[in-house]
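Structural features, examined
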Amino acid sequence: MMRLQKFLANAGVASRRAAEKMISEGRVSVNGEIIREMGVQIDEDYDTIEVDGAVVKNNEKKYYIMLNKPVGFVTTVSDDKDRPTVMELVSDISARIYPVGRLDYDTEGLLLLTNDGDLTFKITHPRHDISKTYVAEVTGNITMDTILQLRRGVVVDGQKTSPAEVEVVGATQYGTKVEITIHEGRNRQVRKMFEALGCIVKKLKRTKEAGLTLGHLPLGKWRKLSESEVNMLKKIEAAGEKKSSVPRRQKAYARKNTKRTTAKKQVRKND
Ligand code: URA
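Now for a quick tour of the structure. The structure displayed is predicted, hence computed values, not measured ones. (Residues numbered from 1 in each chain as written. Predicted model: local features only at pLDDT ≥ 70, side-chain atom pairs only at ≥ 80, totals over all residues. Heavy atoms only, no water.)

**Side note on helix α3 (residues 117-124)**
Across the eight residues that make up α3, a large majority, seven, are buried. Inspection of α3 places G117, D118, L119, T120, F121, K122 and I123 among the buried residues, and these make up the whole buried set. Measuring from the backbone nitrogen of L119 back to the side-chain oxygen at the start of α3 gives 3.0 Å, which picks out D116 as the cap. (Buried < 20%, exposed > 50% of the residue type's maximum accessible area, 1.4 Å probe, protein only. Helix = DSSP H or I, 4+ residues; strand = E, 2+ residues; numbered from the N terminus. Polar contact = N/O pair within 3.5 Å; in protein donor to acceptor, adjacent residues only side chain to side chain.)

Quick look at the structure:
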């Protein structure tokens, strides 16, 4: 048994969030019955799942790709302003892969792409505390006090950022080179954290995410993740699963419910 939105994400129909939207819009049916509730459990071996009337099967091969994104590309599949997208840098993949989260147009570095919607959900969900490391080249006065404030958290868009790991790692023509690891993914967060302290980020590069390291992958190039890297990501998945948003009473019911059932009945029972 698994939740309907998780099944749709696993099958590569959409990311988990987009799948939830499809469900609430009444586009998804289980055994011919339209489902609009979240958290509905299905059995992929027995239940027939349809999206917009087309049967969905979960047999799509999964791809996990790391790209070293250059500046000047948007991290979307298409862009309404016609700017280049990261999809133009990834060729030879026959599945509908998409970027995992965002990296700004003017940021370079490690970007994951996949067609595993469930993994995307877990890596991008704020509750899963996935760490991301950046090297920022910064102008302005970087003092020990600046570093301590960044570590403790600074107010960005009216909300304090969570504690970060911060080290000065060198100096360049642009100023001080600072390595910063954050556990959130707010919009332009690293730039705004420095700006809050009167410093300007001139260059920003993501070097690590979710335990993966960019290493020597050349700028603009991509590679498939190794089996051990994918396995490591799946372990993060398992940790994220513990923090799932399904109400506990519903999960307890799912555990007890060994007989095959459509989720519709189950939701009713839990009402
Ligand atoms: N923080 C930023 O400011 N930009 C990014 O692209 C990522 C994190």
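Having seen it, we continue.
**A word on the site of the ligand**
The immediate surroundings of the ligand are formed by L103, D104, T107, Y134, R188, Q189, V190, R191 and L204. For the ligand, an oxygen atom lies 3.5 Å from a polar atom in the backbone of Q189. At 3.1 Å from a nitrogen atom of the ligand is found a main-chain nitrogen or oxygen belonging to V190. For the ligand, whose unbound accessible area comes to 240 Å², protein coverage reaches 95%. With three residues, helix α5 (residues 189-195) is the single largest residue contributor to the shell around the ligand. Of the residues belonging to the shell around the ligand, the class tally is four nonpolar, two polar and three charged. Counting the residues that make up the shell around the ligand, at least three belong to each of domain 2 (64-125 + 217-241) and domain 3 (131-209). (Near = heavy atom within 4 Å. Areas by Shrake-Rupley, 256 points an atom, 1.4 Å probe, with all protein chains shown as cover. Nonpolar A, V, L, I, M, F, W, Y, C, P; charged D, E, K, R; others polar. Domains from an automatic or database assignment.)

**What about the sheet that holds strand β2 (residues 28-30)?**
Taken together, the four strands give an open sheet; going across it, the order is β3-β2-β5-β6, and neighbouring strands pair in antiparallel fashion. Because the sheet does not close on itself, it has two edges, and the strands there are β3 (33-34) and β6 (54-55). One ladder, built from two bridges, connects strand β5 (residues 49-51) with β6; its direction is antiparallel. Paired with E50 across the bridge in β6 is V55. (Pairing = 2+ DSSP bridges.)

**What about the packing of aromatic side chains?**
Centre distance and the angle of the planes are the two values used to describe a pair of aromatic rings. Here the structure, examined in full by the defined rule, presents zero aromatic pairs. The positively charged end of K61 is found above the aromatic ring belonging to Y63, 4.8 Å away from the centroid. Positioned above the aromatic ring of Y105 is the side chain of R83, whose terminal nitrogen or guanidinium carbon lies 5.1 Å from the ring centre. (Phe/Tyr/Trp six-rings, centres within 6.5 Å; stacked < 30°, edge-to-face > 60°. Lys NZ or Arg CZ within 6 Å of the ring centre and 35° of its normal.)

**Digging into the environment of V74**
Take V74: it is sitting in the loop between β7 (64-69) and β8 (98-99). The spatial distance from the C-alpha of V74 to the C-alpha of P84 is 6.4 Å, given a sequence separation of 10 residues. Not counting the four nearest positions on each side in its chain, V74 is found in contact with D79, R83, P84, T85, V86 and Y105. (Contact = heavy atoms within 4.5 Å.)

**Regarding the nonpolar core**
One finds I97, L113, V138, I180, V190, M193 and F194 to be the most contacted residues of the largest nonpolar core, which totals 33 residues. Where this core is concerned, the elements lending two or more residues are β7, β9 (108-114), β10 (132-139), α4 (144-152), β14 (175-182), α5 and β15 (200-209). A domain-level breakdown of this core finds at least three residues from each of domain 2 (64-125 + 217-241) and domain 3 (131-209). Not counting residues within four places of it along the chain, the set of residues in contact with V138 comprises Y174, G175, T176, V178, F194, C199, I200 and V201. Within the second largest apolar cluster, 17 residues are counted, among which are L8, V28, I35 and V40. (Core = buried A, V, L, I, M, F, W, Y, C linked by side-chain atoms within 4.5 Å.)

**What to know about unusual backbone geometry**
Even without being glycine, D52 reaches a positive phi, approximately 50°. By secondary structure assignment, the location of D52 is in the loop between β5 and β6. Its identity as a non-glycine residue notwithstanding, D82 has a phi of 65°, on the positive side. For D82, the location among the structural elements is in the loop between β7 and β8. Judged by relative accessible area, which is 72%, D82 ranks as exposed.

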